[in-house]
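Summary of the model geometry
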Amino acid sequence: LYRRYGLWFRLRKLIIWLLGVYIAIPFLVKLCPAIQAKLVFLNFVRVPYFIDLKRPQDQGLNHTCNYYLQPEEDVTIGVWHTVPAALWKNARGKDQLWFEDALGSSHPVILYLHGNAGTRGGDHRVELYKVLSSLGYHVVTFDYRGWGDSIGSPSERGMTYDALHVFDWIKARSGDNPVYIWGHSLGTGVATNLVRRLCERETPPDALILESPFTNIREEARSHPFSIYRYFPGFDWFFLDPITTSGIKFANDENVKYISCSLLILHAEDDPVVPFHLGKKLYNIAATSRSFRDYKVQFVPFHTDLGYRHKYIYRSPELPRILREFLGKSEQEHHH
């Protein structure tokens, strides 16, 4: 009986302690918005941990070159450039200058903007680069400031500026070749920020591809299945307002109203991170926006049974056909 009482006492103590922590966290987040910013970016999560980002060939990317670019003073970003599979033999042993010149070869270029957590060397990202390379695209990707081996502090403004810098760097070398922008997850927020700016300065990309996108960061945080505080009294005040205070908006739903180029949205119905209904809602906003009236807007859902979830759409045997049909039309528009 004594032992049972002792066990119950310890269990009660643990429950009270856990409850105390649970209640304290919202106040901690409210008092220190930087915590919430870190949870949005997750740039400190560097999986896979033990890879050398200077050596993309270790990830099976034998036709990839690692660069470092400097968007601003005190900011250096690590970039990978994977050439189309057709150039693979020529690429062996070549230096950075050869890779830069190769952007001018008659192949379209995809600038890939990854999501939060991890690096440009993340497994699902590497697999997508391989698929896109096999389809004849150059793939240029990078780690935003504060991610991977890139130097600087993360912020929405900074991420967008890094993307703009890399886009301009590509355009300065790619000649007349089409340049597409592909954003995944949080990277869709960077992508629409970037493309809105490009359209405003009248240098739009040839197409925008959004994989697993959300409407804006507040709606995504509210819908996130891992949010154990969704039903906590004052959830918006405690958790969503600090995100806005930190200058983080990623307002895809606002940005699409100012974008004028072809738009393709890819979303898996069983996505556990960015709910499918947010991607669909974004499509509905874009499809009725006047800025897209002369451009193609397409939404491609992937059925739950396929199991592509948040980051495995690259596995779809339909993806090459979807891209060929969608981007083929964009290339015809580009050449006309």
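These figures come from a predicted structure and were not determined experimentally.

**Let's talk about the nonpolar core**
- Ranked by internal contacts, the top residues of the largest apolar core, which has 65 residues, are Phe41, Leu111, Leu113, Phe142, Ile181, Leu208 and Phe250.
- In contact with Ile181, other than residues within four places in its own chain, are Leu111, Leu113, Phe167, Ala191, Leu194, Val195, Leu198, Pro205, Ala207, Leu208 and Ile209.
- Counting 29 residues, the second-largest nonpolar core is a separate cluster that includes Tyr129, Tyr180, Tyr314 and Leu327.

**Structural notes on the sheet that holds strand β8 (residues 297–302)**
- Pairing within the open sheet is mixed, and its eight strands lie in the order β1-β2-β4-β3-β5-β6-β7-β8. At either margin of the open sheet sits one strand with a lone partner, and together these are β1 (64–72) and β8. Here the strands of the sheet are splayed against their neighbours by 20° on average, with no regard to which way each runs.
- Taken together, the five bridges between strand β3 (residues 109–113) and strand β5 (residues 179–184) define a ladder with parallel strand orientation.

**A few points about the pattern of salt bridges**
- Per the stated rule, a full pass over the model turns up 14 salt bridges.
- In this structure, Arg157 engages Glu72 in a salt bridge whose closest nitrogen and oxygen atoms are separated by 3.4 Å. On the criterion of sequence distance, the pair formed by Arg157 in helix α6 (residues 156–171) and Glu72 in strand β1 is long-range, its members being 85 residues apart.
- Put simply, Asp143 and Arg120 hold a salt bridge, and the shortest N to O gap is 2.8 Å. Within this pair, whereas Asp143 is found in the loop between β4 (138–142) and α6, its partner Arg120 is found in the loop between β3 and α5 (123–134), the two being separated by 23 residues in sequence.
- Arg120 gets classed as buried once you look at its relative accessible area, which sits at 0%.
- One network of salt bridges, with partners in common, ties together Glu72, Arg145, Arg157 and Asp162.

**Looking at the side chain of Asn255**
- With respect to the helices and strands, the residue Asn255 is situated in helix α10 (residues 252–255).
- Among residues more than four places away in sequence, those in contact with Asn255 are Gly189, Thr192, Asn193 and Arg196.

**Observations concerning the packing of α6 against helix α7 (residues 186–200)**
- Orientation of α6 relative to α7, taken along the N-to-C sense of each, is 60°, at an axis distance of 9 Å. By the angle between their directions, the pair α6 and α7 is classed as oblique. In this structure, the crossing between α6 and α7 has a hand that is right-handed. Residue-level contacts link Glu156, Met159, Thr160, Ala163, Leu164 and Phe167 of α6 to Leu186, Val190, Asn193, Leu194, Arg197 and Leu198 of α7.
- Broken down by class, the residue content of the contact of α6 with α7 amounts to eight nonpolar, two polar and two charged.

**Remarks on the packing of aromatic side chains**
- The full count for this structure, using the stated rule, is 12 aromatic pairs.
- Judged by centre distance (6.3 Å) and plane angle (65°), the rings of Tyr312 and Tyr314 are edge-to-face.
- Owing to a relative accessible area of 24%, Tyr312 belongs among the partly exposed residues under this scheme.
- Residue Tyr314 is classed as buried on the basis of its relative accessible area, which comes to 13%.
- By the ring-pair criterion, three or more aromatic residues cluster together here, those being Phe41, Phe142, Tyr144 and Trp147.
- Taking NZ or CZ as reference, Arg196 lies 3.9 Å from the ring centre of Tyr258, over its face.
- A cation sits over an aromatic face here: Arg315 above Tyr312, 4.1 Å from the ring centre.

**Here's the deal with the pairing of β5**
- In terms of burial, β5 is largely enclosed, as six of its six residues are buried.
- On β5, burial covers both faces: Val179, Ile181 and Gly183 on one face and Tyr180, Trp182 and His184 on the other are all buried.
- Direction of pairing for β5 relative to strand β6 (residues 207–211): parallel, over a ladder of five bridges. Bridge pairing links Gly183 to Leu210 in β6.

**Looking at helix α9 (residues 235–245)**
- If you check which residues of α9 are buried, you get Phe235, Phe238, Phe239, Leu240, Pro242 and Ile243. Along the axis of α9, the buried positions cluster into a sector of 150°, meaning they face one direction only.
- Positive phi appears at Gly247, one or two residues downstream of α9, with a value of about 80°.

**Quick notes on the environment of Ser150**
- When you line up the elements, Ser150 lands in the loop between β4 and α6.
- On the basis of relative accessibility, which here comes to 6%, the residue Ser150 falls in the buried class.
- It is 9.6 Å that separates the C-alpha atoms of Ser150 and Thr119, two residues lying 31 residues apart in sequence.
- Beyond its immediate chain neighbours, meaning those up to four positions away, Ser150 contacts Thr76, Ile77, Gly78, Asp143, Tyr144 and Arg145.

**Some details on the UniProt feature "domain: AB hydrolase-1" (unreviewed entry) in the protein chain**
- Here, the residues flagged by UniProt with the feature "domain: AB hydrolase-1" (unreviewed entry) are residues 108–213.
- For residues 108–213, the end-to-end C-alpha separation is 23 Å, with 41% helix and 20% strand making up the annotated structure.

**Quick notes on unusual backbone geometry**
- At Asp74, a residue that is not glycine, the phi angle is positive and equals roughly 70°.
- When you line up the elements, Asp74 lands in the loop between β1 and β2 (75–82).
- We classify Asp74 as exposed; its relative accessible area is 62%.

Criteria and thresholds
Residues numbered from 1 in each chain as written. Predicted model: local features only at pLDDT ≥ 70, side-chain atom pairs only at ≥ 80, totals over all residues. Heavy atoms only, no water. Core = buried A, V, L, I, M, F, W, Y, C linked by side-chain atoms within 4.5 Å. Buried < 20%, exposed > 50% of the residue type's maximum accessible area, 1.4 Å probe, protein only. Contact = heavy atoms within 4.5 Å. Pairing = 2+ DSSP bridges. Helix = DSSP H or I, 4+ residues; strand = E, 2+ residues; numbered from the N terminus. Axes fitted to C-alpha atoms, helices over the stretch in contact; angles between N-to-C directions. Salt bridge = Lys/Arg side-chain N within 4 Å of Asp/Glu carboxyl O. Parallel < 35°, antiparallel > 145°, perpendicular 65-115°, else oblique. Left-handed = near helix turned anticlockwise from the far one by under 90°. Nonpolar A, V, L, I, M, F, W, Y, C, P; charged D, E, K, R; others polar. Phe/Tyr/Trp six-rings, centres within 6.5 Å; stacked < 30°, edge-to-face > 60°. Lys NZ or Arg CZ within 6 Å of the ring centre and 35° of its normal. Arc of directions from axis to C-beta. UniProt positions renumbered as here; feature names shortened; annotations may be inferred.

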